[in-house]
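Close look at the chain arrangement
Listed below are the residues making up each chain.
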Amino acid sequence: MNLFCASLTQYTRRHTVEVRVGAVRLGGENPIRLQSMTNTDTDDTAASAAQIIRIVRAGGEIVRLTTQGRREARNLTSIKQELAAQGFGAVPLVADVHFNPAVALEAAATADKVRINPGNWGDDMDRFRELIARCRKRGVALRIGVNHGSLSPRMMEQYGDTPEGMVASAMEFLRICKEEKFDQVVLSMKSSNVRVMVYAYRMLVAAMEAEAMHYPLHLGVTEAGDGEDGRIKSAVGIGTLLADGIGDTIRVSLTEAPEHEIAVARKLATYFARRDQHTPIEPIPDPSEYSPYEYRRRTTDPVGRIGGDNPPLIASELTQVEQDAITEGRIVLLDTSNRNGIADQRAQLLRMMAAGDRRPVILRRKYKETDLETLQVKAAADLGALLIDGFGDGIWIENNGPIAQADIDALSLGILQAARIRISKTEYIACPGCGRTLYDLQATLQKIKAHTGHLKGLKIGVMGCIVNGPGEMADADYGYVGAGPGRITLYRGREIVERNLPESEALDRLTELIRNDGKWQD
């Protein structure tokens, strides 16, 4: 099997070239860098600079701004000047460009890094070579950021909206970078679907290794939402990759104030630091049945409600009969105390598969946390990684600390939902907002959640604008998308149902749409 990492049992951080983003170096031997993105109008110099300073004070090292037009790209100079005047002149700024290659070329004259999306760049590769030349001249880094749901029509026709299509899109641009001998490149493969995100990054690493490419990776789950759900979703996706040494910079996308993202990113980076110092793990047999690039649940024989085709349970749902089955050994309660616990439990499960052992497995992890957010990040990363790989018929989180069992149960269900293993509530695919957003995204998300949170199993996209809307909420059943100042367009899947509604009417019309489709529950 062409694996995405050097070893499934020994932690090794993936080797990459070093990329310079202004005064900050990422990849190579550098620590994992933390970053965020402003949600201010990039033409508003004072507001943008103030928010950047808040991000930096929270621990952010790199800040991205939307540059939807040439005017915004040029105003990065004014923002840099304002930052310098306040003692923050060394903060690297990233220009986020969609659709318009001319804006990317303009941004290369002002930004420290330029992010482009191959899905909406078009087929003008001469323009891309010109962008590389401009980046090389000024020492500007380039991020090739592929997003699930926004692949080019050509890639969609050939691959569909798949991780394979995402990788093909990235590799097409990377081969040009390699031809041009330009290595100041960072890659991202984002999706709001955590499984798609993980598989796409793993496939990309395998594809790059096959062609001797060693570019660093920017990790993130896009449109993760807010609160507990946003943190759990991000930790499952990002943590799964960090656990195998993949990732050089992190952006946690929350529909909250941007500076809130940094604390979560720091907890993830810190949790996986020094993971190479783990107790050695016994080598495993050839993992021929292991599927790191698609979801394939481990086959087990059911014992009561555990295993087989049953959805995974959480610890508080286990009956006495099922607890007795654990004691009798008919159900395996799998623990680990290894610093590299994900690899240790994965290795034990792979050994069971090789031996033909079909007993159901409950994954248990033990913590000593006093802070709920820290527990959310650690447990979601530890357990989500295994669930995404098809392992586990139940999860059991124990915490020796002052965190209520109700919060642990909510966390457990949230992890199962983030891994798309068991759906127990509405999922909100909500972008964090940026300078393109033309309504109060955070307040609107709270209103929609208060109104629709009881609708079990629905996926609702809440998006700031049409750039991120129709494509990046590809998995949503319904979409609420900003169309202009005070105007909202509603979607059913990818189909526009009502266009340019007044914002004051949009929530009622969304409710009506769900009711008419027979999916509303009182």
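Keep in mind that this is a model prediction, so the values were computed, not measured.

What counts, and where the lines are drawn
- Note that residues are indexed from 1 along each chain, following the sequence as it is written.
- Predicted model: local features are reported for residues with pLDDT of at least 70 only, side-chain atom pairs are reported and counted for 80 or more only, and whole-chain, interface and lining totals are derived from all residues.
- Each side-chain value is worked out from all heavy atoms of the structure, with water and hydrogens disregarded.
- The secondary structure listing takes helices from DSSP runs of H or I that are at least 4 residues long and strands from runs of E that are at least 2 residues long, numbered from the N terminus.
- Should any heavy atoms of two residues lie within 4.5 Å, those residues are considered in contact.
- Definition of a polar contact: a pair of N or O atoms within 3.5 Å, with one able to donate and the other able to accept a hydrogen when the atoms are protein atoms, and with sequence-neighbouring residues admitted only if both atoms are side-chain atoms.
- Exposure is judged per residue with a 1.4 Å probe applied to protein chains only, and the accessible area is read against the type maximum: over 50% gives exposed, under 20% gives buried, and values in between give partly exposed.
- Only strands joined by at least two bridges in the DSSP assignment are considered to pair.
- Handedness of a crossover: with both strands directed away from the viewer, a clockwise path from the first strand across the helix to the second marks it as right-handed.
- Note on aromatic contacts: the rings of Phe and Tyr and the six-membered ring of Trp form a pair at centre separations within 6.5 Å, being stacked when their planes are under 30 degrees apart, edge-to-face when over 60 apart, and tilted otherwise.
- Only lysine NZ and arginine CZ atoms are considered, and such an atom sits over a ring when it is within 6 Å of the ring centre and within 35 degrees of the ring normal.
- Geometry is summarised by axes, namely lines fitted to C-alpha atoms with helices restricted to the contacting stretch, and by angles between N-to-C directions that run from 0 to 180 degrees.
- Take the number of residues in a helix, subtract one, and multiply by 1.5 Å to get its expected span.
- Throughout, the arc means the angular range of directions from the helix axis out to the C-beta atoms.

1. Regarding the environment of Asn120
Within the element layout of this structure, Asn120 appears in the loop between strand E6 (113-116) and helix H4 (125-138). Sequence separation between Asn120 and Ala418 is 298 residues; the distance between their C-alpha atoms is 28 Å. Not counting the four nearest positions on each side in its chain, Asn120 is found in contact with His98, Phe99 and Ser150. Of note is the side chain of Asn120, whose polar atom sits 3.1 Å from the backbone nitrogen of Phe99.

2. Comments concerning the pairing of strand E7 (residues 141-147)
For E7, a buried count of seven out of seven residues is recorded, marking the element as mostly surrounded by other parts of the structure. Burial along E7 is two-sided: the face carrying Ala141, Arg143, Gly145 and Asn147 and the face carrying Leu142, Ile144 and Val146 are both buried. As judged from the four bridges shared by E6 and E7, these two strands associate in the parallel manner. Its bridge partner being in E7, Ile116 is matched across the sheet by Ile144. The handedness of the E6 to E7 crossover, carried by H4, is right-handed. Taken together, the six bridges between E7 and strand E8 (residues 185-190) define a ladder with parallel strand orientation.

3. Here we look at the packing of aromatic side chains
Aromatic ring pairs: the centre-centre distance and the angle between the two ring planes describe each pair. Applying the stated criterion across every chain, the model contains six aromatic pairs. With a centroid separation of 6.4 Å and an interplanar angle of 80 degrees, the aromatic rings of Phe4 and Tyr293 are classed as edge-to-face. Here Tyr293 lies in the loop between helix H9 (259-271) and strand E11 (313-314) and Phe4 lies in the segment before strand E1 (18-21), a separation of 289 residues in the sequence. Relative accessible area serves as the criterion here: at 22%, Tyr293 is assigned to the partly exposed category. Here a set of aromatic residues connected by ring pairs shows up, and it is made of Trp121, Phe128 and Phe173. Arg195 extends its terminal NZ or CZ atom over the ring of Tyr295, reaching a point 3.7 Å from the ring centre. The ring centre of Trp396 lies 5.1 Å from the NZ or CZ of Arg364, which sits over that ring.

4. A few points about the sheet that holds strand E10 (residues 249-250)
Pairing within the open sheet is parallel, and its eight strands lie in the order E8-E7-E6-E5-E4-E3-E10-E9. Across the chains shown, the open sheet's two edge strands, defined by having one partner strand only, are E8 and strand E9 (218-219). Pairing of strand E5 (residues 93-96) with E6 involves three bridges; the strand directions are parallel. Among the inter-strand pairings, Val94 is bridged to a residue of E6, identified as Lys113. Across the sheet, helix H1 (residues 45-57) is in contact with strand E3 (33-37), strand E4 (62-66) and E5; its angle to E4 comes to roughly 150 degrees.

5. Digging into the environment of Ile32
By the secondary structure assignment, Ile32 is in the loop between strand E2 (24-27) and E3. Once the C-alpha coordinates of Ile32 and Leu242 are considered, the two residues, 210 residues apart in sequence, prove to be 9.7 Å apart. Aside from chain neighbours lying at most four places away, what touches Ile32 is Arg13, Glu61, Leu242, Gly247, Asp248, Thr249, Ile250 and Ala269.

6. Considering the sheet that holds strand E14 (residues 394-399)
Spatially, four strands are ordered E11-E14-E13-E12 in an open sheet, and the strand pairing comes out parallel. Sheet topology places E11 and strand E12 (332-334) at the edges, where each strand pairs with a single neighbour. Sheet topology places E11 next to E14; two bridges connect them, and they run parallel. Its bridge partner lying in E14, Leu313 is registered against Gly394. The strands touched by helix H12 (residues 372-388) within the sheet are strand E13 (361-367) and E14, with E13 carrying the most contacts at an inclination of about 155 degrees.

7. A short note on unusual backbone geometry
Its identity is not glycine, yet Phe99 carries a phi of approximately 75 degrees, on the positive side. Tracing the chain through its elements places Phe99 in the loop between E5 and helix H3 (101-107). Phi at Lys181 takes a positive value of approximately 55 degrees, unusual for a residue other than glycine. Secondary-structure assignment places Lys181 in the loop between helix H6 (163-179) and E8.

8. Notes on H4
Structural remark: α-helix, 3.6 residues per turn; residues separated by three or four positions point the same way. End to end, H4 covers 20 Å across 14 residues, agreeing with the expected 20 Å (1.5 Å per residue, within 8%). Every buried residue of H4 is accounted for by Met125, Phe128, Leu131, Ile132 and Cys135. In a view along the axis of H4, the buried residues occupy a sector of 100 degrees, so they form one face of it. Opposite the buried face of H4, by more than 90 degrees, sit the exposed residues Asp126 and Lys137. Here the buried face of H4 lies against H3, E6, E7 and H6. N-cap assignment for H4: the residue whose side-chain oxygen lies 3.4 Å from the backbone N of Asp126 is Asp124. Phi turns positive one or two residues past the end of H4, at Gly139, with a value near 75 degrees.

9. Notes on the side chain of Arg365
Within the element layout of this structure, Arg365 appears in strand E13. A relative accessible area of 7% places Arg365 in the buried class. Not counting the four nearest positions on each side in its chain, Arg365 is found in contact with Tyr271, Thr336, Asn338, Gly341, Ile342, Gln345, Asp382, Leu383, Trp396, Ile397 and Glu398.

10. Side note on helix H14 (residues 441-452)
For H14, with twelve residues, the first-to-last C-alpha span of 16 Å sits near the 16 Å given by 1.5 Å per residue. Buried within H14 are the following residues: Leu441, Thr444, Leu445, Ile448 and Thr452. The arc that holds the buried residues of H14, viewed along the axis, is 100 degrees, so those residues lie on one side. Across H14 from its buried face, at more than 90 degrees, point the exposed residues Lys447 and Ala450. Residues of H14 that are buried sit in contact with strand E15 (427-430), strand E16 (459-463), strand E17 (478-484) and helix H16 (503-516).

Any functional reading would require information that these geometric values do not contain.
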